[in-house]
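Fold and contact review
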Amino acid sequence: MFPQHGQSVNIEKKQLPAGLYFVATPIGTARDITLRALDILASADVLAAEDTRTLRHLMQIHGVALGERPLIAYNDHNGASVRPRLLAMIAGGRSVAYASEAGTPLISDPGFQLSREALEAGLPVTSAPGPSAVVAALSVAGLPTDRFLFAGFPPAAKGARGTWLEELRTVPATLVIYESPRRVARLVTELAAAFGDREAAVCRELTKRFEEVLRGSLGTLAGTLQDRSLKGEIVIVIDRNRASETVDMEGALRTALADMSVKDAAATVAEALGLPRRKVYQAALDLAKGD
Ligand code: SAM
């Protein structure tokens, strides 16, 4: 039974086994927190956070008391010195919940070294999955999601940026990139120049009041962003390199046509590669005629 509006959910406070618990937190709307995340925040012996104020605030919103439990800052600046302390607590039998500033820890956020060293020390690592801007952006971009590559933030240095763009250019998967609003216009212009006119979406302030998704070709979006400066948090989603897909599709069709009708070959390949049936059928017809 769902709780009625205004009625709070039942948070289960219980004894958690010793271990490291990565807790995903909302990327905007506070109510996107999961019930299990709240249970873990209410139950862990020790809380750790990238930003202790943000976590304290989130817990207040949801009525989770910190009580006498320690709330320890763990971030990129102090990670090396705080990590051994957190790991020692877990080794000593305590449950430690870690939340980054927003979204899923480790996804362009701290947590990787902590998880790595916990695992190396034979300590249990658990996830309380939930919001992440990568997945939220993929849900609304209108681009294929069967295969995607999350590229994080672009490097700032010119040389590294050029290499980064060149490596991504040929990837046969939808690309997901994080970027700050101040740099997004420049990045989309560079992407249009490097990748050609692919379909893309600029997703802004997801789950928040001013949520907005601009969809169009990279060239059109670059033009739009020359005239408009965006505010807030941004994810860019870009369609895959269709050139390599054409090769994949042709190869797959040739194999399928060896022992299938044009119709069956097209249906099989369209399904396998997640491509529009009509497009694959036309390609299959052309190939069948050409043979
Ligand atoms: N760990 C987070 C996650 O799981 O998505 C990402 C943390 S990273 C430091 C912050 C970046 O994520 C922002 O600069 C933006 O690119 C993206 N982001 C976070 N929240 C967002 C939102 N509500 N709308 C759009 N992008 C968001």
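The rules behind the values
Residues numbered from 1 in each chain as written. Predicted model: local features only at pLDDT ≥ 70, side-chain atom pairs only at ≥ 80, totals over all residues. Heavy atoms only, no water. 1 Å grid on protein atoms, 1.4 Å probe; cavity = no way out; pocket = protein on both sides within 12 Å on 5 of 7 lines; lining within 4 Å. Points joined across faces, edges and corners; volume = space filled by probe spheres on them. Helix = DSSP H or I, 4+ residues; strand = E, 2+ residues; numbered from the N terminus. Nonpolar A, V, L, I, M, F, W, Y, C, P; charged D, E, K, R; others polar. Domains from an automatic or database assignment. Buried < 20%, exposed > 50% of the residue type's maximum accessible area, 1.4 Å probe, protein only. Arc of directions from axis to C-beta. Pairing = 2+ DSSP bridges. Right-handed = clockwise from strand over helix to strand, strands pointing away. Salt bridge = Lys/Arg side-chain N within 4 Å of Asp/Glu carboxyl O.

1. Section: the layout of surface pockets
Once rolled over the atoms, a probe with the size of a water molecule shows which space is left empty. Size it by volume and the largest pocket reaches roughly 700 Å³. I27, E101, A102, G103 and E233 are the residues nearest the centre of the largest pocket, which is lined by 35 residues in total. Where the lining of the largest pocket is concerned, the elements lending two or more residues are helix 2 (52-61), strand 7 (174-179) and strand 10 (234-238). Here the lining of the largest pocket takes five residues from helix 2, the largest share from any one element. Here the lining of the largest pocket is built from residues that sort into 16 nonpolar, eleven polar and eight charged. Of the residues that make up the lining of the largest pocket, three or more belong to each of domain 1 (19-131) and domain 2 (134-239).

2. Some details on helix 4 (residues 112-120)
Three or more residues of helix 4 are buried, namely L114, S115 and A118. For helix 4, the angular spread of the buried residues around the axis is 95°, confining them to a single face. The first or second residue beyond helix 4 is G122, which carries a positive phi of 75°.

3. Side note on the pairing of strand 7
Most of strand 7 sits inside the fold, with six of its six residues counted as buried. Residues T174, V176 and Y178 line one face of strand 7 and the alternating positions L175, I177 and E179 line the opposite face, and both faces are buried. For strand 6 (residues 148-152) and strand 7, the ladder comprises four bridges, and the chain directions are parallel. Within the sheet, the bridge partner assigned to F150 lies in strand 7 and is V176. Note that the unit made of strand 6, helix 6 (residues 158-169) and strand 7 has a crossover that is right-handed. Relative to strand 10, strand 7 runs antiparallel, the two sharing five bridges. By the bridge assignment, V176 is partnered in strand 10 with V237.

4. Brief notes about the pattern of salt bridges
Within this structure, the stated rule accounts for 13 salt bridges. Among the salt bridges present, the one from E179 reaches R183, with a minimum N-O distance of 3.6 Å. Here E179 falls in the buried class, since its relative accessible area comes to 4%. With a relative accessible area of 36%, R183 lands in the partly exposed category. One continuous salt-bridge network, built from bridges that share partners, spans R161, R186 and E190.

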